Structure formats: C-alpha cells, structure tokens
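# Working through the structure, step by step
So you can see what is in the structure, the chains are spelled out below.
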Amino acid sequence: MEQSLGQESVPGFGSLDKSKVLDVRPLRRLVPLFPSASNNTSFSTPQGAAPFVCVSPAGPFPPGVAPFFPFFISPESQRPLEQNLQTPSGNASFVFNNPISNAVPINSFRTPPSAEANGDTRTARRLARSRGQPQSQSGNAEEDGFDGENTRKVGSSRSKFRSQKRTRGGQDINVALPDVDIDAIIDNVLTTYTNTFQQTDGDRESLVYAFTSYDLVRRRITQIEEMKERIPGAPRTGRPDLRAGTLFMNKGIRTNAKKRIGAVPGVEVGDIFFFRMELCLVGLHAPTMGGIDYMGVKNSTEEEPLALSIVSSGGYEDSVEDSNVLIYSGQGGNASNDFRRDKEMKDQKLERGNLALEKSLHRGNDVRVIRGLKDVSNPTGKVYVYDGLYKIHESWVDKGKSGCNVFKYKLVRLPGQPEAFTIWKSIEQWKEETTTTRVGLILPDLTSGAENLPVSLVNDVDGEKGPAHFTYISSLQYSKPVNLTEPSDGCLCIGGCLPGNSNCSCIKKNGDFLPYTANGLLVNQKSLLHECGPSCQCPPNCRNRVSQSGLKVRLEVFRTKDKGWGLRSLDPIRAGSLLCEYAGQVLTISGVEEMGGDYEDDYIFDATRTCQPLGVLPGDSTETSKAPFPLIISANTAGNVARFMNHSCSPNVLWQPVLRENKNESDLHIAFYTVGHIPPMTELTYDYGMVPQEKAYHRKKVCLCGSIKCRSFFY
DNA sequence: CTATGTCAGCAGTAT
DNA sequence: ACTGCTGACATAGGT
C-alpha cells in the first residue's frame, strides 16, 4: 500500500551514494556551534548544497512566547502568541477575541453519580460480530462465567485470569483475559484531574490532560475488547470511543461544559481529533453525531436558537474549491442513512440546526467549523480538524438528488486566524507532485530510498542548505553482538500473535497483554516492551512487531527558527502511533570510555537516561522507561530521522525501550511513539531526560523548549 | 480497494 | 421519545 510510494516519488536520487558521510557538526543543539575544520565531501545535492556547519546561538527565550504544550501545537508561525499565554500560577489568562456571551450550562452535564451507575446496567450483546472465527458452536461457550455486569470490576477474591480452551482452525489456543479495572483507572484520572488542574475554562493544560487520558483509556478498552473478541460468549462493550466517552463525561473529566459562541478556551485552531466524542469532551461540539450544535440565546425580547459549531464530514456533498469557504447542507430529510425509518428522502424543515443557522446568518455570530477528512493512516476512520471561526454569509434552498428541498449555507472563514485546513490542502499537493515547486524544498527524500517512505528536507527559514551529511541507516548497527543476561526463546505463534493468547511467550512477557491495538497503536508506555523478534515463529506482519515495520507517516526534516534542524510530519498522527526507532551505531561502554573526555557526540542516545513518565495510564503503570542493560547509540555518522528530533520538556513524543526476542544476542531498540494526536507540520520532540552520571558525551545544554515545565537544561 | 449497507451507541434536545 | 455529517465491520461491486 504505502510501500510503493518511496522509490517512485523520489526521482533522480537513485544514484546517490549513501555511503558518503559528511562530517559536520550537528544542528539540533542550542549551544553555539562553529564551523569545524572538517571538510565536506563529494556528496552533492542537486542544488549544490553546502553542508551545514553552524547554528547561531539562540538568545534568551523571548518573554511572552508561547509555552510549548504537547500534541496540540501547530507550527509557531501559525499560532497567535496570546492564545498560549498563561500565568505561571496556572491561572488561565486567555485572551478572548470573542467575549463569551450567554454561556449556558449543558443540561445533561450530570454530576458524577455513584460509580455503579456508569453504564454497566446495559447488557450489551453484540454477538455475531465475528471476523471469521467460528461463533459459539463450541460447547463451552455459555459456561464461561462472563456475566457482563462485573467484568470490569476487580473481583477481590477472583482469580486473576479467566481462561478457556477452544479450538480455532485446528489450532489449540488458550485465551486468557486478565481482569482490568477500568473504573479504578478512571477514578485515578479523576483524582489527578481535580487535584492537579484548576479546570477553569481556558486552561489548556487541563484540556490536554483530559483529552490525552481519554485516548489512553480508549486504547486500553480497545485492547481489552480485542481480547474478548476471541472469547465466545464474552460480553462486548461495543465501541471503546463511546464507552470511554461516557465514563469521562459522567465523571466530569472534560472542559468547557458550558456551551458558548465563538472560540473555545484551550482549543486551538488546527487541533485535530479522531473521534466525535473528543469534540464533546473539550467543548468544541456537543452532539455526538449531529452536525450542527446550537443553543438558545436571549434576544431583547425572546430566545432564539443560534448555531455554535458545525462538523463538515463530506456526507452531504459540501465541497468548494476555496478552502476558506464552506457550503454546508442543513440537517434532516435524509432518512436513508437511518435504517429505522423508511429510505425515502424528505424535504428539510427550517427547524433545529437549520433554524439556528438561519438565525445565526441574521445575527452574524461566529460559528466554529470542524472539518472531517479521511484519515490517511486509517482509511476507515476520519480525522477532524478544527478550522476556526467562520461567519454565515448566505443561505438558500436547493433541490437535492431526489428532488427534495435541502437548505444550503455558505460559510466564510474569518481572516487573521492561524492556518489549519488550508495547510492540509497544500500538503496534499506537496505529496502528490514529483516536480514540486514547494518553497524551501532542498531534498524530496534525504533517506535516498532507505526508508519505505520519503523524508523531505526543507528550509524556509534561512540560507542553510542542509544538515551535515551522514549515512542513512534505518536500524541499529552492532559492532559486535551483545550477550543477553537471560537468553530467551521466541514465541510459536505461526499465524501471528493474537491478543489474549496465553500460550504466546511474548504476550506473557508483556503482562499477558498484547501491547498494541489492532491498528498498531501502543496502548501504554511500559518500562520495557517485549516485541517478537528473530527467534519467534510469527510472520513479519505480526501485531507484536509494530516497531519493526518502518516509517508509517510522511516525515520531514525542517529548519526551525532557533533550534537548528527539527523533525515534523506531513500527516496527522494518532496518539500512540509508532514514529520510528533511534537508529545508529551501538557503542560499547568500554569503547566510549576509552575515548575519554575528548569524546564529543551530540547524537548520542543513552538508554540509561530518565524522563518524567508520559502518557502513562494513572493507576495502571507508573513506570519510567528502563532498559534491561546499558545501550548507547551514536547517530553521529550513521542514523535515521530520529537524530533530528529536538528536546522538549513538554514533549509530544515518548521513547520506549523495545526488546525483540532473540536467542543469543541482545536485540534492544529504542522506539518513539506519539503521546497525543499531532497535527501536520507540528514539530516532534521528546524528552532527552537526565542522565545518572554526567560523562564526556553527556554535555549539558541550555533548553529553549519554552514549556512552562521547562527544566532549563538537558543532556 | 472504494462504495454502500448494517447496527448499536450516546448526548443532547424536544415533548 | 426522538434525532443525527458515528464508527466498525460486512458485503458487494469494480479494476
């Protein structure tokens, strides 16, 4: 699918000699670096680019500059600074361009009832939703004891596992389902939320926390659901997005529960979402399915409904060439997408959302627009982009396909807002055109085909023609094998490892969980992740080999304003996605120490470094990453895109030690996963962390990440 | 592999 | 009680 893209879209670089290494100083550092004497080599870019040798010292961090929050930030240039301002005390000090008028509580914002009321009254029986596996013809299907009501509660006296044998395609598998207490996790999230955050509207930090925890819980529920899928008769919770949503809404782990006209505090133009429930959670758009959100607003005389936000998902043929204009169809009339009613089309009526849009046209209030697009990484799914405020310019009635009346509304984007949807359009073109005229493009693929996707190199900031040249390798290079302390054997899952299979030794090592969801998202950060490796029987596409599959999103090395080169993505990325691993040459400890104090390498990844745990499910696992043995990687002369990732004290990417099963040698890798959803063109950063012992190759550097949590230096 | 169909879901609004 | 620009999967149709 994606594999073919790489070579074909990179014309003219096949002749490049990847073995040529330019020796120039790295750029990601914030300390002044001056041209080294080492000369460039015969490597030449089409533009005759000179290797980059120097990064100007960055001045003191300018006051008032946007603090860096994880996973929401669009490129700085596209953000109005004042939107990110916060007082050090954590009090929200957002600047509202649109004063909130007539904020009204949502009447269904329930106060948290007792934990028992949280949805378990339902008897979700979604039985024959199998993916080809035989359903309950096995005799013991009914006696498994899953009673639906208590599955998620931790039974104090219950055994840790409920398991049963069943045959599947002649192969005996043992399905185990560890008890997981989602309610306890939620309670922990709630405690952190209420204790740590002010929850005043406009506090982006609490919004980010609620939002990130939501997806963590959603992934966790998904993981458990995928195990249950393989146990006949086990009750199915159904959609994890809704399930997690209900829990969060009922507990009040959400922001902006009051409806309002105009901008929503804490939500920034360009923020992306992957579920409609996420829009509800942050107060951007309340209806879980409906396309138009509105509320009654008091006029001088009476109350009238006004439109607040719309979600445009292309379901009603709304598209228009100008991406600042949106033609939106009213709601109603199309009974065809609802099986409960007849399939006839009807005339739309001027009621509900349609009436609100009409009133908003006359009142002239701002309307938030969320654009739904097909998600590249997950073709069945959608990604929602908050495209900022629009105004309704006109409305009319059209005849739909079946001759019925359809209301149409023309919305025009307010000027002066950060770019959001338009940048997506540009990216679409950049990716398709091979002879692109993109400003600042230096190389269409700096990997020269070494990855399955091209990685572009751009600089639209200054005159630098590119980073120091290095050999592009996509994984680790060992000078000699390292012996494992505990030699281990791989698993025997010939068809691939499946969730809940307690016979799989790799799954066992991960605490009986397959650490990834079916679409390859990391469920949670672990101190050490066990993937299948060379000694396993499973195929390369095994679900427990996510970090081995190469790049999945279109990455780009770009020139930052003050931090040298950086890494970003052209594609939107879901929370928990694999980004890449840290490739380079594995150094032996003794080898490094022999080099003594003179050894300087800014491309060192030392797996003994420690970071604040990130993206960890509260109450589930609070471990920080810990490698089972020392691993020092140098990407100085050979490495991959990871070497361009800058440090941040509020990162949007986490690193994770991954052990791939191998009998005789160590096969420890460092893989990077996204903490939250990341919009296109957002710089990707991780926490370089602290090192236990400062050595020659750990030089202290001044941090300019700009986060309110900034520790001011890193290694 | 793209389009259309099926179906349970849920928050919110309307009655 | 009713509504809806869901979301995941299944099936059908196309190249």
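Residues numbered from 1 in each chain as written. Chains lettered and ligands numbered in written order. Predicted model: local features only at pLDDT ≥ 70, side-chain atom pairs only at ≥ 80, totals over all residues. Heavy atoms only, no water.

### Brief notes about the nonpolar core
One recurring pattern in soluble globular proteins: nonpolar side chains tend to sit buried together. For clarity, the cut-off: Remark: nonpolar core denotes a set of buried residues (Ala, Val, Leu, Ile, Met, Phe, Trp, Tyr, Cys) joined through side-chain atoms within 4.5 Å. Buried residues are those whose accessible area, probed at 1.4 Å on protein chains only, stays under 20% of the maximum for their type, while exposed residues exceed 50% and partly exposed ones sit between those limits. Helical segments are the DSSP runs of H or I of at least four residues, strand segments are the runs of E of at least two, and each set is numbered from the N terminus. Annotation comment: domain bounds sourced from an automatic or database domain assignment. Here, two residues are considered to be in contact whenever any of their heavy atoms come within 4.5 Å of each other.
Grouped together as the largest cluster of nonpolar side chains are 52 residues, with contacts concentrated most on Ile182, Phe248, Phe273 and Leu284. Contributing elements (two or more residues each) for this core: helix H2 (182-196), helix H3 (204-228), helix H4 (240-251), strand E5 (272-273), helix H5 (276-281), strand E10 (382-399) and helix H7 (421-432). The leading source of residues in this core is H3, at 9 residues. Looking at which domains feed residues into this core, each of domain 1 (179-255) and domain 2 (258-333 + 346-435) gives three or more. Residues in contact with Phe273, not counting those within four places in the same chain, are Phe211, Val267, Glu278, Leu279, Val282, Leu284, Lys382, Val383, Tyr384, Tyr386 and His677. Formed by 48 residues, the second largest nonpolar core is a distinct cluster that contains Val455, Met645, Leu684 and Tyr688.

### Focus: the environment of Val325
As for its position among the elements, Val325 is in strand E8 (residues 325-329). We classify Val325 as buried; its relative accessible area is 12%. Not counting residues within four places of it along the chain, the set of residues in contact with Val325 comprises Val320, Arg371, Lys410, Leu411 and Val412.

### Notes on unusual backbone geometry
With phi around 55°, Ser448 is a residue other than glycine that occupies positive phi space. As for its placement among the helices and strands, Ser448 is situated in the loop between strand E12 (441-443) and strand E13 (456-458). On the basis of relative accessible area, Ser448 is assigned to the buried category, the value being 17%.

### Structural notes on the packing of H3 against H4
Axis angle and axis distance: for two packed helices, these are the angle between their axes and the distance between the axes, and together they describe the pair. Worth spelling out the cut-off: Interaxial angle, 0 to 180 degrees, is taken between N-to-C directions of lines fitted to C-alpha atoms, where a helix line uses only the stretch in contact. Should an angle fall under 35 degrees it is called roughly parallel, over 145 degrees roughly antiparallel, and 65 to 115 degrees roughly perpendicular, with every other angle called oblique. Put simply, a crossing is left-handed when the front helix is turned counterclockwise from the back one by less than a right angle, and right-handed when it is turned clockwise. Each residue receives one of three labels: charged for Asp, Glu, Lys and Arg, nonpolar for Ala, Val, Leu, Ile, Met, Phe, Trp, Tyr, Cys and Pro, and polar for the others, Gly being one of them.
The geometry of H3 relative to H4 is characterised by a closest axis approach of 8 Å and an angle of 130° between their N-to-C directions. Taken together, the axes of H3 and H4 are oblique relative to one another. Relative to H4, H3 is oriented so that their crossing is right-handed. Touching Ala210, Ser213, Tyr214, Val217, Arg218, Ile221, Thr222 and Glu225 of H3 are Pro240, Asp241, Arg243, Ala244, Gly245, Leu247 and Phe248, all from H4. Classifying every residue of the contact of H3 with H4 by side-chain character gives 8 nonpolar, 3 polar and 4 charged.

### Examining the sheet that holds strand E21 (residues 604-606)
Stated formally: Only when DSSP finds a minimum of two bridges between them are two strands counted as paired.
Reading across the sheet, the 4 strands line up as E15-E20-E22-E21 and stay open at both edges, with mixed pairing between neighbours. Each edge of the sheet is formed by a strand with only one pairing partner; in this case those strands are strand E15 (476-478) and E21. Shown here is a sheet whose adjacent strand axes are inclined to one another by a mean of 30°, direction ignored. When E15 meets strand E20 (residues 584-587), the two strands line up parallel, connected through 3 bridges. The residue of E20 that forms the bridge with Tyr478 is Val586.

### Some points on the packing of aromatic side chains
For any two aromatic rings, the description comes down to two numbers: the centre-to-centre distance and the angle of the planes. As a reminder of what qualifies: Only rings of Phe, Tyr and Trp enter the pairing, Trp through its six-membered ring, and a pair is recorded when the two centres are within 6.5 Å. The plane angle decides the type: under 30 degrees is stacked, over 60 is edge-to-face, the rest tilted.
Scanning all chains against the criterion turns up 16 aromatic pairs. Taking 5.1 Å as the distance between ring centres and 35° as the angle between the ring planes, the aromatic pair formed by Phe197 and Tyr209 counts as tilted. Of the two residues, Phe197 sits in the loop between H2 and H3 while Tyr209 sits in helix H3, which places them 12 residues apart along the sequence. There is no split in this pair, since Phe197 and Tyr209 are both buried. Geometrically, the ring pair formed by Phe211 and Phe273 is tilted, given 5.3 Å between the ring centres and 50° between the ring planes. Taken together, the residues span a long stretch of sequence, with Phe211 in helix H3 and Phe273 in strand E5 at a distance of 62 residues. Judged by relative accessible area, Phe211 falls into the buried class, the value being 5%. When its relative accessible area of 1% is taken as the criterion, Phe273 is described as buried.

### So, the domain arrangement of chain A
Under the convention used in this document: Summed over both partners, buried area is the accessible surface (1.4 Å probe) that two parts give up on being assembled.
Once the domains are mapped, chain A shows domain 1 (179-255), domain 2 (258-333 + 346-435) and domain 3 (465-553 + 572-686). Facing the 18 residues of domain 1 at the interface are 27 residues of domain 3. Of the roughly 1800 Å² buried between domain 1 and domain 3, counting both surfaces, carbon and sulfur atoms make up 63%. A per-residue breakdown of the area domain 1 buries against domain 3 is headed by Leu216, Arg219 and Arg230, which together make up 32% of the total.

### Here we look at the pattern of salt bridges
Opposite charge on two side chains lets them pair, provided their charged atoms get close. Our working definition: Salt bridges are defined by distance alone: a side-chain nitrogen of Lys or Arg within 4 Å of a carboxyl oxygen of Asp or Glu.
For the structure on display, the rule yields 26 salt bridges. Salt-bridge contacts for Glu304 lead to Arg363; the nearest nitrogen and oxygen are separated by 3.0 Å. Note that Glu304 is positioned in strand E7 (residues 303-312) and Arg363 in helix H6 (residues 352-363), a separation of 59 residues in sequence. With relative accessibility at 34%, the residue Arg363 sits in the partly exposed group. A salt bridge links Glu581 to Arg660, with the shortest nitrogen-to-oxygen separation between them at 3.4 Å. Residue Glu581 is found in strand E19 (residues 578-581), and its partner Arg660 is found in strand E25 (residues 653-660); the two are separated by 79 residues along the sequence. You'll find Glu581 and Arg660 in the same group, each marked buried.

### So, H3
Applied cut-off: Given a helix with a known number of residues, its expected span is that number minus one, times 1.5 Å.
Compared with the 36 Å implied by 1.5 Å per residue over 25 residues, the 36 Å span of H3 between its first and last C-alpha is a close match. Of all 25 residues that make up H3, 24 are buried, and the element is covered over most of its length.

### Brief notes about the packing of H2 against H4
Closest axis-to-axis distance for the H2/H4 pair is 11 Å, and the angle between their directions is 45°. In terms of orientation, H2 lies oblique with respect to H4. As for how H2 packs across H4, the hand of that crossing is right-handed. Contact with H2, carried on its side by Ile182, Asp183, Ile186, Asp187, Val189 and Leu190, involves Leu247, Phe248 and Lys251 of H4 and no other residues of that element. Residues belonging to the contact of H2 with H4 are distributed by class as follows: 6 nonpolar, no polar and 3 charged.

### Thoughts on the confidence of the model for chain A
Which entries qualify depends on this criterion: The predictor rates its confidence in each residue with pLDDT, a number between 0 and 100.
Residues of chain A with pLDDT of at least 70 account for 68%, and the chain-wide mean is 74. Confidence drops under a pLDDT of 50 for residues 104-172, and excluding neighbours within four residues, the segment shows 120 contacts in the predicted structure. Confidence drops under a pLDDT of 50 for residues 336-341, and excluding neighbours within four residues, the segment shows 4 contacts in the predicted structure.

### What about the side chain of Arg609?
How we decide: Here the positive residues are Lys and Arg and the negative ones are Asp and Glu; neither His nor the chain ends is included. Identification of polar contacts relies on pairs of N or O atoms within 3.5 Å, with a donor-acceptor requirement for protein atoms, meaning one able to donate a hydrogen and the other able to accept it, and with residues adjacent in sequence counted only if both atoms are side-chain atoms.
Relative to the helices and strands, Arg609 is located in the loop between E21 and strand E22 (632-634). For the buried Arg609, no salt bridge is present, and the opposite-charge side chain at shortest range is Asp606, 5.9 Å distant. A polar atom in the side chain of Arg609 sits 2.7 Å from the backbone oxygen of Tyr688. Setting aside residues no more than four positions away along its own chain, Arg609 makes contact with Ile604, Trp655, Tyr688, Met690, Val691, Pro692 and Tyr715.

### Brief notes about the pairing of E25
With 8 of 8 residues buried, E25 is to be regarded as a mostly interior element. Across the two faces of E25 the burial is the same, with Val653, Trp655, Pro657 and Leu659 and Leu654, Gln656, Val658 and Arg660 all buried. Two elements, strand E16 (residues 529-531) and E25, share 3 bridges in a ladder whose sense is parallel. Residue pairing for E25: Leu529 is matched across the bridge by Val658. One ladder, built from 7 bridges, connects E25 with strand E26 (residues 668-674); its direction is antiparallel. Residue pairing across strands places Val653 opposite Thr674, the latter belonging to E26.

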